[in-house]
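# Tertiary structure, described
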Amino acid sequence: MNKNVIEKIEDLRARIRYHDGKYYVENMPEIADYDYDQLMKELGRLESSYPQFITPDSPTQRVGGEPVSEFAPLEHRIPMLSIENTYSEDELREFDKRIRRMLKNDRLNEVVGQAPDQADNVEPADEIEYVVEHKIDGVAITLWYENGVFTRGATRGNGFRGDDVTTNLRTVKDIPLKFLCTDYSKIPPVIEIRGEIYMPNKDFEILNLRREEAGEPQFANPRNAAAGSLKLLNPQTTAKRPLRLFAYSFGHYEAGKFTSHIECLEAIEKFGLPVNPHYKLYKTIDEVVSYCNSWESRRDELDYQVDGMVIKVNSLELHDKLGSTSKAPRWVISYKYHPEEIPTKIEAIKVQVGKTGTLTPVAQLIPVPLSGTTVSKASLHNFDEIERKDIRIGDYVVVQKAGEIIPQVVKILHERRTGNEVVRFDVPEICPVCKSGITKEKVYLKCYNPLCVAQAKRRIIYFASRNAMDIEGFGPAIIEQLVDKKIIEDYADIYSLKFEDLEPLERMGEKSARNLLDAIGKSKDRDLHCLICALGIRNIGTHAAEVLSKHFGTLDKLMDASNDKLKELSEIGEITAKVVVDFFSNSHTKNVIDKLKAAGVNLSTIRKEAKTSSHIAGKSFVITGTLNGYSRKEIEDIIKNLDGRVSSAVSGKTDFLIAGESPGSKLEAAQKLGTTTLSKVEFENLINET
Ligand code: IVH
């Protein structure tokens, strides 16, 4: 009897997958929606009568996930690098020349080795083929399949670590929960597929219309709508959003062999994931350029947003030969289309002081809608530019938004001048905030007063921010008050704050003040890389901070590092090395770091290693409910610091469920699976039993 049921269930699943492929991948449905729904209903009926036969890859299991409080991070095995961009045809041709040059040099070494005088006899590099694809303006994601079954997926994040959004991705119908291709000899047992989640223009408009009717805020553009939908904490809501996928490459794979990009695209299609149909293979850069240009004017024919074309070398062997820089592979470039522009008027110019003291002129504009958002400010970069372009207050200008970058003033509409425009904008001679003298450095005006309040505020805001020391509840409004009242001058002073300093502030209160003090205290134990990032050294973001932390192990060693030692690291170039050395040799910095040391802030990675617990290391944890005294993030940090893993949903692979007050349905799931459940006290005991 059971055998019959299993067969029936499997048959229905296979038929549904087949029709999914026809509908989503090939765009050629063979049956009516009604008939498809009947298949799904029948499968659903059978599965609810025989729940023991439900498998995670069943088409009914797309919307099974429960809401999460936040996403677990997922480290990318192969970084999700970005692509070099260009807007110019000449640069695209230069890309082709560069590749040919590199491959010729490579061949030269191979053939003549140490005898460069024979170079002229070397044959030119093999013929290069390019694949040209649309650059989809959506959200990059990566999908892992194990033995053909979708197991997890994540966003790109910072390229090295993204958010695990598996439960949300399961709701995207373009993503097969199981590969359509049944010839398992052709499927690598573990394979990662990368692509772009997007929202079709039409669906985006409908979604926004519905949101308007419901009095909900509208999304700025289809990309924001896709990103927002993918990051919803409730997968049931994501399931209702019209998200689609175009897959474009493999990441990591085991025991498979592909020799060209085209072959990869064909395999991806066979597996049942949609590949954008407009890709083309060319042998010359002229053909590449003309194909790219042909789409610029036709892109509004498409029902999805493209912001350019991506040009990739076809041969995977050549990908290996060409390699990557730290940011992007050398075998790919994107030819971007010019972004949208709109005219508006400059009403005033204000000067903003950044965290490293750069004074930037900012145009205050009559607000205008641009690429879905309202633009009311635009950076004018520097004062020379105002002079050079003769920008005047009252001018009509054209502003442009390129991707996520701050809007730029690209053109002055001289023909709209009335004569009433204020001719000159007075270039500041002193810092508008601290009133001390300023220095000109190339085209930039700089305030080097280490005590400048504007800089101090920005540095402290940055120090406390999520990617740095992550001090919850310590935002700009509180920091501004503390600096204005001279209670703190720099970020090290945060650690001397007392209850009496915080409680009287606006938007504070007794409870918030206590919570904030608690959060400040906890931040002392952050990993060294968080601190290095928080110091606000120019050019040192989250990734570089991780590299420095791993390499030097303690802040003292990093402070003692010479220019040459820093340059040994492949991620640190000449300029950054100098910036780091200069930063640490500054007497103000030394003073602030002494204060951090005195406050007991963690300055080394060793602590983390010493803390590694055999009970936690390598174990998988899921958290549900609230644990008095800890935020969700703090528990996660404790586990991660002890080399454990945190997931969002309970599965057979979960070792422990930490159940706090008012646990959710994860507790039931854990009980069903027989997963060990820990109370808050049991969890604390586990941490302490090292
Ligand atoms: S290939 C290392 N192909 O563009 C190369 N990317 O600016 C991997 N994108 O993060 C990317 N369409 O999200 C590739 N056909 C396409 C693409 C594409 C859109 C996105 C992708 C990437 C970003 C880089």
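Just so you know, these numbers come straight off a predicted model, no measurement behind them.

## Remarks on the overall build of the protein chain
- Across its full length, the protein chain carries 25 helices and 22 strands.
- The C-alpha atoms of the protein chain give a radius of gyration of 28 Å, which matches the 26 Å a tight globule of 690 residues would have.
- Reported as C-alpha extents along the three principal axes, the dimensions of the protein chain are approximately 85 × 70 × 70 Å.
- For the protein chain, buried positions account for 47% of its 690 residues.
- Relative to all contacts within the protein chain whose residues are 6 or more apart in sequence, the contacts with residues 24 or more apart total 68%.

## Some details on the side chain of Asn-168
- Here Asn-168 lies in helix α4 (residues 166-169).
- Judged by its relative accessible area of 0%, Asn-168 is buried.
- For Asn-168, the side chain forms a polar contact with the main-chain oxygen of Leu-230, separated by 2.8 Å.
- Beyond its immediate chain neighbours, meaning those up to four positions away, Asn-168 contacts Phe-71, Ser-229, Leu-230, Lys-231, Leu-232, Asn-234, Pro-235 and Thr-238.

## Focus: the sheet that holds strand β2 (residues 84-86)
- Here we have 5 strands laid out as an open sheet, ordered β2-β11-β10-β3-β9, and mixed in their pairing. The sheet is open, and its two edges are formed by β2 and β9 (280-282), each paired on a single side. Between one strand and the next, the sheet's axes are offset by a mean angle of 30 degrees, whatever the strand orientation.
- Pairing of strand β3 (residues 130-136) with strand β10 (residues 306-313) involves 7 bridges; the strand directions are antiparallel. By the bridge assignment for β10, His-134 is matched with Met-309.

## A look at the pairing of strand β19 (residues 620-624)
- The buried count for β19 comes to 5 of 5 residues, which makes it a mostly enclosed element.
- Taken together, the 3 bridges between β19 and strand β20 (residues 645-647) define a ladder with parallel strand orientation. Across the sheet, residue Phe-621 finds its bridge partner in β20, namely Val-646.
- Crossover handedness for the path β19 to helix α23 (residues 632-641) to β20: right-handed.
- By the bridge criterion, 4 bridges tie β19 to strand β21 (residues 656-659) in an arrangement that is parallel. Among the inter-strand pairings, Val-622 is bridged to a residue of β21, identified as Leu-657.

## Here's the deal with the site of the ligand
- Taken together, Ile-83, Glu-133, His-134, Lys-135, Ile-136, Ala-140, Arg-156, Glu-196, Tyr-248, Val-310, Lys-312 and Pro-329 form the complete shell of residues around the ligand.
- Contact between the ligand and Glu-133: a nitrogen atom at 2.7 Å from a side-chain N or O atom of the residue.
- Between the ligand and the protein, one listed contact pairs an oxygen atom with a side-chain N or O atom of Tyr-248 at 3.2 Å.
- The protein chains hide 85% of the 530 Å² of surface that the ligand would expose on its own.
- Counting only elements with at least two residues in the shell around the ligand, the list comes to β3 and β10.
- No other element matches β3, which puts 4 residues into the shell around the ligand.
- Here the residues of the shell around the ligand are counted per class, giving 6 nonpolar, 1 polar and 5 charged.

## A closer look at empty space enclosed by the protein
- Within the structure shown, the criterion is met by 3 cavities of 30 Å³ or more.
- Empty space within the largest cavity amounts to approximately 120 Å³.
- Along the walls of the largest cavity sit 16 residues, with Asp-20, Arg-62, Lys-173, Pro-176 and Leu-177 positioned nearest its centre.
- Residue classes in the lining of the largest cavity are distributed as 7 nonpolar, 2 polar and 7 charged.
- In this structure, the second largest cavity occupies an estimated 80 Å³ of space.
- Lining the second largest cavity, in full, are Val-68, Ser-69, Glu-70, Phe-71, Ala-72, Ile-623, Arg-632, Glu-636, Val-646, Ser-647, Ser-648 and Lys-666.
- At the level of secondary structure, the elements contributing two or more residues to the lining of the second largest cavity comprise α23 and β20.
- Within the lining of the second largest cavity, the residues separate by chemical class into 5 nonpolar, 3 polar and 4 charged.

## Details of the sheet that holds strand β5 (residues 149-155)
- Taken in spatial order, the 4 strands of this open sheet run β5-β4-β7-β8, and their pairing is antiparallel. Both edges of this open sheet fall to β5 and β8 (244-253), since each of them pairs with a single strand only. Averaged over all neighbouring strand pairs, the angle between strand axes comes to 30 degrees, with direction disregarded.
- Pairing analysis gives 6 bridges linking strand β4 (residues 139-146) to β5, with the strands arranged antiparallel. Within the sheet, the bridge partner assigned to Glu-146 lies in β5 and is Val-149.
- Contacts from helix α8 (residues 261-271) reach β7 (190-198) and β8, with the element oriented near 120 degrees to β8.

## A word on the side chain of Gln-408
- Within the secondary structure, Gln-408 is located in strand β16 (residues 408-412).
- A distance of 2.7 Å separates polar atoms of two side chains, one belonging to Gln-408 and the other to His-381.

## A closer look at helix α17 (residues 542-552)
- Along α17, the positions that sit buried rather than exposed are Ala-544, Ala-545, Val-547, Leu-548, Ser-549 and Phe-552.
- With its phi angle positive at about 80 degrees, Gly-553 sits one or two positions after the end of α17.

## So, the pattern of salt bridges
- Enumeration according to the criterion identifies 39 salt bridges in this entry.
- Across the pair Asp-174 and Arg-244 runs a salt bridge whose closest N-O atoms are separated by 2.8 Å. Pair noted here: Asp-174 is in the loop between α4 and β7 and Arg-244 is in strand β8, with a separation of 70 residues, a long-range link.
- The class of Asp-174 is buried, set by a relative accessible area of 2%.
- The shortest N-O distance in the salt bridge between Glu-510 and Arg-514 comes to 3.4 Å.

Rules used in this analysis
Residues numbered from 1 in each chain as written. Predicted model: local features only at pLDDT ≥ 70, side-chain atom pairs only at ≥ 80, totals over all residues. Heavy atoms only, no water. Helix = DSSP H or I, 4+ residues; strand = E, 2+ residues; numbered from the N terminus. Rg over C-alpha atoms; globule rule 2.2 N^0.38 Å. Buried < 20%, exposed > 50% of the residue type's maximum accessible area, 1.4 Å probe, protein only. Contact = heavy atoms within 4.5 Å. Polar contact = N/O pair within 3.5 Å; in protein donor to acceptor, adjacent residues only side chain to side chain. Pairing = 2+ DSSP bridges. Axes fitted to C-alpha atoms, helices over the stretch in contact; angles between N-to-C directions. Right-handed = clockwise from strand over helix to strand, strands pointing away. Near = heavy atom within 4 Å. Areas by Shrake-Rupley, 256 points an atom, 1.4 Å probe, with all protein chains shown as cover. Nonpolar A, V, L, I, M, F, W, Y, C, P; charged D, E, K, R; others polar. 1 Å grid on protein atoms, 1.4 Å probe; cavity = no way out; pocket = protein on both sides within 12 Å on 5 of 7 lines; lining within 4 Å. Points joined across faces, edges and corners; volume = space filled by probe spheres on them. Salt bridge = Lys/Arg side-chain N within 4 Å of Asp/Glu carboxyl O.

Taken by themselves, the reported measurements are silent on function.
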